[in-house]
Amino acid sequence: MTPPFPNASTNPSPDRTQANTAGHAVSDSPFLTLHEVIRKARQKLNHDDWDYIVGGTETETTLRRNRMALDTLALRPRVLRDVSQIDPSTEFLGRRMRLPLVLAPVGSLELCTPEAATASARAAEQFGVAQMLSSVCQPGMATLAQQVPNALRIFQLYVYGDADWIDRHIEQAIAVGNAAFCFTVDMALYSRRERDIAKRNIRRAVVPGREFLAHLSWKDIERVRRKYDIPLIIKGIGTTEDALIAVEHGIDMIYVSNHGGRQLDHDLGSMDVLPEIVAAVDRRARIIVDGGFNRGSDIVKAIALGADMVGLGRMQCMGLAADGAAGLHRVLELLETEVRICLGLLGVNSLADLHPGYVRRAYAANPASALSAFPLLNIDTIDYPGA
């Protein structure tokens, strides 16, 4: 078994085990539920930054379908199983992690906390999950490597330059100890994010070199695969056709994602396409999925349907906005509690015990939205900057 992260325990303390059994986590944090974290984040974020986190593109149909795809999956529990040894950890890129989570490559995390991605990486290291740094987030990968050297770091690139420009980023990523390199490929054109446009908050759409994304093709991926020996991830896969092409190009990890509903409107939800991509890939590459994942049961559903890892985007932002690295660490603790309870009540002890038979389609109980996983949260009653 590979070693866990420094400072991260794969075996909860007796106090935490007792708390998980009781259904709540013992902690010094003031947050006892995830919706309390979101409430605090809303209290601290201004309107523009809040909308950047929770918004999508145009009608926000894809955003809602992400959540609907999760909400219309029901769990099928088995009983009278010995679930006294629950362990939700997994192995990823040679490291043992407490949860099958990657902190997704969110741009502009500095809007959430002054420490930006440093806070994210610190929470990832201290808790024991992976962190993926966006190339449009501060600080740069070299600085992050110096600040949080023991975190399992992955670098994600938006291609804003030519082949030499790409190569420089890959070589730097290898030099500073990134465990893998990720290309985001669903940004050929920048979408119309009408929440931002309506308020003339369009600064993120103007980036020098963005035109190179429109020229990016499988030939570029093929060239990089031939030249560099580092695990490669392609983020933005949404069809079996592209997943199979990725496998043919020797891609190590397929990242199923529609950019959190922030690129193509009227796309399918990530969890709607996950099963067919899993079947097509047939274990020839590992699979990461994101898109609307907010609760521990969401994570369990994804693993049951064949994903290896889940990307955490908006909930990462909420934790950081609520209380920096400590807030995100608390989000991870609460998610771990929820995952443990979900596994135990399904009648399994580990992620490896899950399979598609533990889920089935059912009707959704709530209208889908970015925050529909938190019915106890009343946004209208929250005071926020500028209110």
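Before reading on, note that the structure itself is shown above.
Topic: the overall build of the protein chain
A tally of helices and strands in the protein chain yields 14 helices and 12 strands. For the protein chain, the residues scored as buried account for 56% of the 387 residues in total. Sequence-distant contacts, at least 24 apart, represent 76% of the contacts inside the protein chain between residues at least 6 apart. On the protein chain, the mean spot of the 42 positive side-chain charges and the mean spot of the 45 negative ones are 2 Å from each other.

Focus on the pairing of strand β8 (residues 232-237)
The buried fraction of β8 is high, at six of six residues. Note that strand β7 (residues 180-184) and β8 share four bridges and pair parallel. Paired with F181 across the bridge in β8 is L232. Note that β8 and strand β9 (residues 253-256) share four bridges and pair parallel. When the bridges of β9 are listed, K235 appears paired with Y255. One crossover worth recording links β8 to the parallel β9 by way of helix α11 (residues 240-248), and it is right-handed.

Here's the deal with a positive patch on the surface
Residues R76, R78, R81 and R360 make up a contiguous surface patch of positive charge. Checked against the element boundaries, R76 lands in the loop between β1 (73-75) and β2 (90-92). Judged by relative accessible area, which is 42%, R76 ranks as partly exposed.

Calculation rules
- Residue indices follow the written sequence of each chain, beginning from 1 at its first position.
- With pLDDT at 70 or above as the cut-off, local features in this predicted model cover only qualifying residues; side-chain atom pairs require 80 or more to be listed or tallied, and sums for whole chains, interfaces and linings still use all residues.
- No hydrogens and no water enter the side-chain calculation; it runs on all heavy atoms of the structure.
- By definition, any uninterrupted DSSP run of H or I lasting at least four residues is a helix, any uninterrupted run of E lasting at least two residues is a strand, and each is numbered from the N terminus.
- Exposure categories follow from relative accessible area, calculated using a 1.4 Å probe and restricted to protein chains: below 20% of the type maximum is buried, above 50% is exposed, and the middle band is partly exposed.
- Any two residues whose heavy atoms approach within 4.5 Å are treated as being in contact.
- Charged-residue counts in this description rest on Lys and Arg as positive and Asp and Glu as negative, His and the chain ends being excluded.
- Charged groups are reduced to one reference atom each: NZ for lysine, CZ for arginine, CG for aspartic acid, CD for glutamic acid.
- For two strands to count as paired, DSSP must find a minimum of two bridges between them.
- Whether a crossover is right-handed depends on one test, that the path from the first strand over the helix to the second runs clockwise when the strands point away from the viewer.
- Patch members must show over 30% relative accessible area and no salt bridge, and they are joined within 9 Å when carrying like charges or within 5 Å when they are nonpolar side chains of Val, Leu, Ile, Met, Phe, Trp or Tyr.
- Method for areas: the Shrake-Rupley scheme with a 1.4 Å probe, in which residue coverage is limited to the protein chains shown.
- The working definition used for a salt bridge is a side-chain nitrogen of Lys or Arg within 4 Å of a carboxyl oxygen of Asp or Glu.

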